[in-house]
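These are the residues of each chain, in order.
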Amino acid sequence: MTVIKTTNLTKRFGRLTALDQVNLEVKQGEVYGFIGPNGAGKTTAIRVLLGILKATGGQATVFGKDAWKHAVEIHRRIAFVPGEVNLWSNLTGGEVIDLFVKLRGAGNKNRREELVKKFDLDTAKKCGTYSKGNRQKVALVAAFASDADLYILDEPSAGLDPLMEQVFQECVLEARKEGKSVFLSSHILSEVEKLCDRISIIRQGRIIESGSLDELRHLTRIRVRVETRKPVTFLKDTKGVYDIGEKGQTISFQVDTEVLGDVMKRLSEAEIVKLESQPPTLEDLFMRHYRGVGGGQ
Amino acid sequence: MFQQLNHNMGSYARFILRRDRFRLPVWVISLVLLTVVTAMSYTLLAPTEQDRAMMAATVANPAVTAMFGPGWGLDNYHFGAIMGHQMLLFTALLVAVMSILLTVRHTRGDEESGRIEMIRSLPVGRLTILSSTALVMFGANLVLALLTAFGLFVLGLEGIDWHGSLLYGASLGATGFLFAAVTGLFAQLSDNSRGTMGYSFAFLGLAYLVRGIGDVGNETLSWFSPLGWIVRTQVYVNNYWGPFLLITGAAIAFFALALYLNSLRDLGAGFIPAKPGRKTASPLLLSPLGLAFRLQRGTIIGWAVAMFLLGASYGSVLGDLDSYLESMEIIRDVLIVAEGFSLTEQFIPMLMAVMAMSAAIPVLLMILKVRAEESRNRMEHLLARAVSRTSILGSYMLLSVLAGFVMMLAAILGMWSAGAATMEAPLALSTISNAGMTYLPALWVMSGIGALMVGLLPRAVSFTWFYLGYSFFVVYLGALLQLPVWMARLSPFGHVPKLPVEEANFAVYTILAFIALVLTVIGFGSYNRRDIAG
């Protein structure tokens, strides 16, 4: 069953095109990653899905209903965490959580207490005294304490420390286990890799890649820098190795994870002096996309 | 040791001045101008000695004493005595407000936002922030004192001599410095800026209240309030410097105590632990209307109190108004000439128009809050949940309309109760009430314009303030400046029947209500159709 579906969704602000013919499909029970750099259109897309912005063209449906016309009805089944959580400085965190849960519909009191403890949030404090991370926690507790069918999360882990990031990921995985759907916008690839079943990448308002993690295998390429005693020549002819650069004795390249073992075995024969490896950054991905290397265009 | 604790005080004070290079001059110059312009306006209001004697008779009543302090030199009520009686305490309150706001901003406000942490990591002493703030506030109040004294003196009015002007200015400056010190102290006690501001304003309010009760009933009680001290300088009449020294001494003592406490505590800590707030929300908060009310509760209460005081200050002089107004040509020009009504009754529509247009300020604040919330990205929290746009705008609209009623009610009650306390034959509550409530349909139109702007032209909501300013200009000054009638007709307030002199006209009320309704419907329609920014 399809939970979110957009068809050629377009949003213009005056002359600026924020979303250009965006097609998305999120199925029930999956965690869907929506990744892209700042200003790519992630937040705009989410606001259209929430019926806060009106689409200029195309269609956006949630639970099969028009996102703009049936906003209130749809929202009874949605929990939302915005990217930048601005709260009322004179209300306490506890009050805001209760308000948010109540305005959506039903909530779970025990679940709320459990989450407050898990996220280690002092709910008696006024929101004006909260740090960015604590404001984020308020929104997260309110979202996960609701009994929603779909969670729409806009860069929810920005400002969380690693420990809290862990708690957040647990919440997402738990929701998936219960058959809930999650639409997760992010620019942290590692988080997306860990949580998401399927992914779309958006850049300048256009979806440039879409598919399951397996389909986007090249997303998980690793960048390697290696210094060896003996010269290495086999890389050019090896399948799954890209972007080779040499600088004296140091070679840098990107490699698909499937062939990493083989490559390392052969590299060690050349007597490794120094080795650095690094997961690919989102930037790598876009850069490659620009150049048209390794699929995409 | 002292130098160590206050290292770089001069540079930091200069930094404060740099940050406040507009804020501070605007405050000081506005306050000085207020004093000077008011002093000048009395020469128009009561040009002759006879006028002023009449005025003295008007203000010699307990309501005025409670509000402005006891009148000294009522038997020779020259301009100096008038200023000391009617303006000194009022201006001192404003100076205190300036000092409180600026001091909170530079002490606890900066500390809470984490800016002081950055400053303190530099070679800056532990007490530098507070001592520099004290230095700046001393300087600001000194400049205010001197400019006020000079500004008053050069007017060359009867009774306003150099000695009195110097004491007048000095008393204001000392009061300002005292409240800066009090705020500096509360900034050590409370660990957040809201609390600091709350305690400081509570102290100011209490000082005003204690003095008011003391001045009317028990003189000794007034000596417990710093605001009781300032009125006892008997400026321009007896020119006592004792109270001034008392205020200055208290200010220094408060600052010394604040500095001592500051040297004891950790950065970010306070001596009064912050009262933990509610861990869960009260059921009253849990709806769009509940939230809208909660966010604006303070505004509503504050404005209602202000409207009551405004009403009371007009009401307190109603007593001897007839004889007084009789003598004033300028007022007679703007009154509606009507047979069979006392001058006081004819004066009421003008007072009510002023109060209704003042009430329009909170009325507009309530509805324009929708836009303010949107600009701060807080509307999306509600709109992303099962809340319709109609229910959001409707909540604020309801508050706006109710606020109009509450404000007029407060003004009416203020005027009636003060009038009843001072008049021999008080006006009936129903007379005053009708004269005030006749303006409600005009306030509905203002709410409607607010809803229209929020829905249709959210970027131009400030236009509504211009429109209110225009209304004030044409309705209040229109008759005086003999502006053409159509100019006043462009404002809803220009259409309202002027009770009790004119008859209530239900056709006019209906038309105004209908206009308000149309504006509101268009506003709601557009709000439901447009993009929300956040």
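Along each chain, residues carry numbers from 1 onward, in the same order as the chain's sequence is written. Here chains are named by letter from A upward and ligands by number from 1 upward, in the order in which they appear as written. Two thresholds apply to this predicted model, a pLDDT of at least 70 for residue-level local features and 80 or more for giving and counting side-chain atom pairs, whereas whole-chain, interface and lining totals are computed over all residues. With hydrogens and water set aside, each side-chain value is computed from the structure's full complement of heavy atoms.

J.: Explain the overall build of chain A here, please?
T.: The secondary structure listing takes helices from DSSP runs of H or I that are at least 4 residues long and strands from runs of E that are at least 2 residues long, numbered from the N terminus. Across its full length, chain A holds 9 helices and 14 strands. Residues counted as buried form 53% of the 297 residues belonging to chain A. Pairs of residues are marked as contacts when any of their non-hydrogen atoms sit within 4.5 Å. Considering only contacts in chain A between residues 6 or more positions apart, those separated by 24 or more positions represent 67%. The positive count covers Lys and Arg only, the negative count covers Asp and Glu only, and His and the chain ends enter neither. Lys charges are placed at NZ, Arg charges at CZ, Asp charges at CG and Glu charges at CD. For chain A, the separation between the mean place of its 45 positive charges and that of its 39 negative charges on side chains is 4 Å. Burial status follows relative accessibility: with a 1.4 Å probe on protein chains alone, a residue under 20% of its type maximum counts as buried, one over 50% as exposed, and anything between as partly exposed.

J.: What is the right way to read the interface of chain A and chain B from this model?
T.: How big an interface is tends to be expressed through the accessible area that disappears when the partners come together. Between chain A and chain B, the residue contacts involve 38 residues of the former and 36 residues of the latter. By definition, the buried area sums, over both parts, the 1.4 Å-probe accessible area that each loses when the two are put together. Of all residues in chain A, Ile52, Trp88 and Leu103 of chain A bury the most surface against chain B, accounting for 20% of the area lost on that side. By salt bridge we mean one thing: a side-chain nitrogen of Lys or Arg within 4 Å of a carboxyl oxygen of Asp or Glu. Taken together, the connections running from chain A to chain B amount to 3 salt bridges. Between Glu95 of chain A and Arg294 of chain B there is a salt bridge, with its nearest N and O atoms 3.0 Å apart. Each polar contact in these results corresponds to two N or O atoms within 3.5 Å; when the atoms are within protein, one needs to be able to donate a hydrogen and the other to accept it, and residues that are neighboring in sequence are counted only if both atoms are side-chain atoms. In this assembly, chain A and chain B are joined by 21 residue pairs in polar contact (both at pLDDT 80 or more). Looking at the side of chain A that touches chain B, the elements with two or more residues in it are β1 (2–13), α2 (71–75), α3 (93–104) and α4 (109–118) of chain A.

J.: Got a minute to help me understand a positive patch on the surface in this structure?
T.: On the surface, a cluster of positive charge is contributed by Lys126 of chain A together with Arg194, Lys275 and Arg297 of chain B. On the secondary structure map, Arg194 of chain B appears in helix α10 (residues 193–216). Patches here: salt-bridge-free residues with over 30% relative accessible area, like charges joined within 9 Å, nonpolar side chains (Val, Leu, Ile, Met, Phe, Trp, Tyr) joined within 5 Å. Per-residue and other accessible areas were derived by the Shrake-Rupley procedure at a 1.4 Å probe size, with only the shown protein chains allowed to occlude residues.

J.: What is the right way to look at the pairing of strand β10 (residues 206–212) of chain A in this model?
T.: The side chains of a regular strand alternate, first on one face of the sheet and then on the other. All names here are of chain A. Should DSSP find at least two bridges between two strands, the strands are regarded as paired. With 6 bridges joining them, strand β9 (residues 198–203) and β10 adopt antiparallel strand pairing. Across the sheet, Arg198 pairs through a bridge with Ser212, a residue of β10. Counted between consecutive antiparallel strands, the loop separating β9 from β10 contains 2 residues, among which Gln204 sits at a positive phi close to 45 degrees.

J.: How do you make sense of the packing of helix α19 (residues 389–422) of chain B against helix α21 (residues 440–456) of chain B when you look at a structure like this?
T.: Axes are the key here: two packed helices are described by the angle between their axes and the distance separating the axes. Residues and elements named next belong to chain B. Lines fitted to C-alpha atoms define the axes here, with helix axes fitted over just the stretch in contact, and angles between the N-to-C directions of these axes take values from 0 to 180 degrees. In the contact formed by α19 and α21, the axes pass within 10 Å of each other and the chain directions differ by 155 degrees. As judged from the angle between their axes, α19 and α21 are roughly antiparallel. Read as a crossing pair, α19 and α21 show a hand that is right-handed. Listed contacts from α21 to Leu393, Met397, Ser400, Val401, Gly404, Phe405 and Met408 of α19 are Leu440, Leu443, Trp444, Ser447, Gly448, Ala451 and Val454. Roughly parallel covers angles under 35 degrees, roughly antiparallel covers those over 145, roughly perpendicular covers 65 to 115, and oblique covers all other angles. Crossing handedness: left-handed means the near helix sits turned counterclockwise from the far one by under a right angle, and right-handed means the same turn made clockwise.

J.: Teacher, can you tell me more about the sheet that holds β10 of chain A here?
T.: Hydrogen bonding along the main chain pairs the strands of a sheet, whether they run parallel or antiparallel. Residues and elements named next belong to chain A. Read from one edge to the other, the open sheet built from 6 strands follows the order β6-β7-β8-β3-β9-β10, with strand pairing classed as mixed. The open sheet has two edge strands, β6 (78–81) and β10, and neither has a second partner. Along the sheet, successive strands turn relative to each other by an average axial angle of 15 degrees, direction set aside.

J.: Please clarify how the domain arrangement of chain B should be interpreted in this entry.
T.: For the purposes of this description, domain bounds are those given by an automatic or database domain assignment. In terms of domain boundaries, chain B breaks down into domain 1 (1–268) and domain 2 (284–534). Computed over C-alpha atoms, the centres of domain 1 of chain B and domain 2 of chain B are 32 Å apart.

J.: I tried to follow the side chain of Thr438 of chain B on my own but got confused; where do I start?
T.: All names here are of chain B. By secondary structure assignment, the location of Thr438 is in the loop between α20 (429–437) and α21. On the accessibility criterion, Thr438 (3% relative accessible area) is buried. The residues contacting Thr438, other than those within four sequence positions of it, are Val496, Pro497, Leu499 and Tyr509.

J.: Help me out: how do you make sense of the pairing of strand β12 (residues 241–247) of chain A in this one?
T.: All names here are of chain A. The sheet contact formed by β12 and strand β13 (residues 250–255) spans 5 bridges and is antiparallel. Its bridge partner lying in β13, Gly245 is registered against Ser252. Following β12, the chain reverses through 2 residues before pairing antiparallel with β13; Gly248 in that reversal takes a positive phi of roughly 65 degrees.

J.: It is not clear to me how the pattern of salt bridges should be interpreted in this structure. Could you clarify?
T.: Side chains carrying opposite charge are able to pair once their charged atoms draw close together. Considering all chains together, one arrives at 35 salt bridges over all chains under this definition. Linking Arg378 of chain B and Glu373 of chain B is a salt bridge whose minimum nitrogen-to-oxygen distance equals 2.8 Å. Accessibility expressed as a relative area gives 11% for Arg378 of chain B, which makes it buried. A cluster of three or more residues bridged by salt bridges with shared partners is formed by Arg111, Glu114, Lys118, Glu170 and Glu174 of chain A.

J.: Please clarify how helix α6 (residues 79–112) of chain B should be interpreted in this entry.
T.: Because each turn of an α-helix spans 3.6 residues, side chains separated by three or four positions in sequence point in the same direction. All names here are of chain B. Expected helix span is computed as 1.5 Å times (number of residues minus one). Taking 1.5 Å of rise per residue, the 34 residues of α6 would be expected to cover 50 Å, and the 46 Å separating its terminal C-alpha atoms lies within 8% of that figure. Among the 34 residues in α6, 28 count as buried, and that is most of the element. Just downstream of α6 lies Gly114, where phi reads positive at about 85 degrees.

J.: In this structure, what is going on with the packing of aromatic side chains? I would like to understand it.
T.: Note on aromatic pairs: the rings of Phe, Tyr and Trp (six-membered ring only in Trp) are paired at centre separations within 6.5 Å, and the planes decide the class, stacked below 30 degrees, edge-to-face beyond 60, tilted for the rest. On inspection of all chains with the given rule, the structure shows 17 aromatic pairs over all chains. Each ring, one from Tyr12 of chain B and one from Phe15 of chain B, has its centre 5.6 Å from the other, and the planes form 45 degrees; the classification is tilted. Note that Tyr12 of chain B and Phe15 of chain B are positioned in helix α2 (residues 9–19) at a spacing of 3 residues, about one turn of the helix. Take Tyr12 of chain B: its relative accessible area is 5%, and that puts it in the buried class. Aromatic rings pair up to connect Phe179, Phe186, Tyr199 and Phe203 of chain B into one cluster. Between the NZ or CZ atom of Arg52 of chain B and the centre of the ring of Phe79 of chain B, over which it lies, the distance is 4.3 Å. The aromatic ring of Phe100 of chain A is capped on one face by Arg385 of chain B, whose charged end is 4.2 Å from the ring centroid. Charge-over-ring contacts are defined here by two conditions on Lys NZ or Arg CZ: a distance within 6 Å of the ring centre and an angle within 35 degrees of the ring normal.

J.: Quick question: what am I supposed to make of the side chain of Lys137 of chain A here?
T.: Residue and element names in this part refer to chain A. Relative to the elements of secondary structure, Lys137 occurs in helix α5 (residues 132–144). Asp120 provides the closest opposite charge to the buried, salt-bridge-free Lys137, at an N-O distance of 5.3 Å. Every residue in contact with Lys137, bar those within four places of it in the chain, is listed here: Phe119, Asp120, Leu121, Leu160 and Met164.

J.: Is there a simple way to think about the state of the cysteines in this case?
T.: All names here are of chain A. Defined by distance alone, a disulfide is two cysteine sulfur atoms within 2.5 Å. Applying the stated criterion across every chain yields a total of 0 disulfides over all chains. You can see Cys127 has no disulfide; the closest cysteine sulfur is in Cys171, sitting 19 Å from it. Just so you know, Cys171 is unpaired, no disulfide at all, and the nearest cysteine sulfur is the one on Cys196, 15 Å from it. Look at Cys171 and you get buried, because its relative accessible area is 1%.

J.: What is the right way to look at unusual backbone geometry in this model?
T.: Peptide bonds are trans in most cases, and residues, glycine excluded, mostly fall at negative phi. Following Leu499 of chain B, the chain continues to Pro500 of chain B via a peptide bond in cis, the omega torsion being 0 degrees. On the secondary structure map, Pro500 of chain B appears in the loop between α24 (485–489) and α25 (506–529). For Gln204 of chain A, which is not glycine, the phi torsion reads 45 degrees and is therefore positive. Structurally, the position occupied by Gln204 of chain A is in the loop between β9 and β10. Positioned with a positive phi, Glu271 of chain A is a non-glycine residue whose angle comes to about 60 degrees. For Glu271 of chain A, a relative accessible area of 35% corresponds to the partly exposed category.

J.: Looking at this model, I keep getting lost on the sheet that holds strand β14 (residues 272–278) of chain A. Mind explaining?
T.: Residues and elements named next belong to chain A. Taken in spatial order, the 4 strands line up as β12-β13-β11-β14 in an open sheet, and their pairing is antiparallel. One side of each edge strand has no neighbouring strand; the edge strands of this open sheet are β12 and β14. With direction set aside, neighbouring strand axes in the sheet form an average angle of 15 degrees. Inspection of the sheet shows strand β11 (residues 222–228) paired to β14 by 6 bridges, in the antiparallel sense. Bridging from a neighbouring strand, Thr228 pairs with Ile272 of β14. Set on the sheet, helix α8 (residues 257–269) makes contact with β11, β12, β13 and β14; between it and β13 the angle comes to about 155 degrees.

J.: So what exactly am I meant to see when it comes to the environment of Met264 of chain A here?
T.: All names here are of chain A. Mapped onto the secondary structure, Met264 falls in helix α8. Classification of Met264 as partly exposed rests on a relative accessible area of 22%. As for Met264 and Ile199, which are separated by 65 residues in sequence, their C-alpha atoms are 29 Å apart. Setting aside its immediate chain neighbours within four residues, Met264 contacts Ile272 and Leu275.

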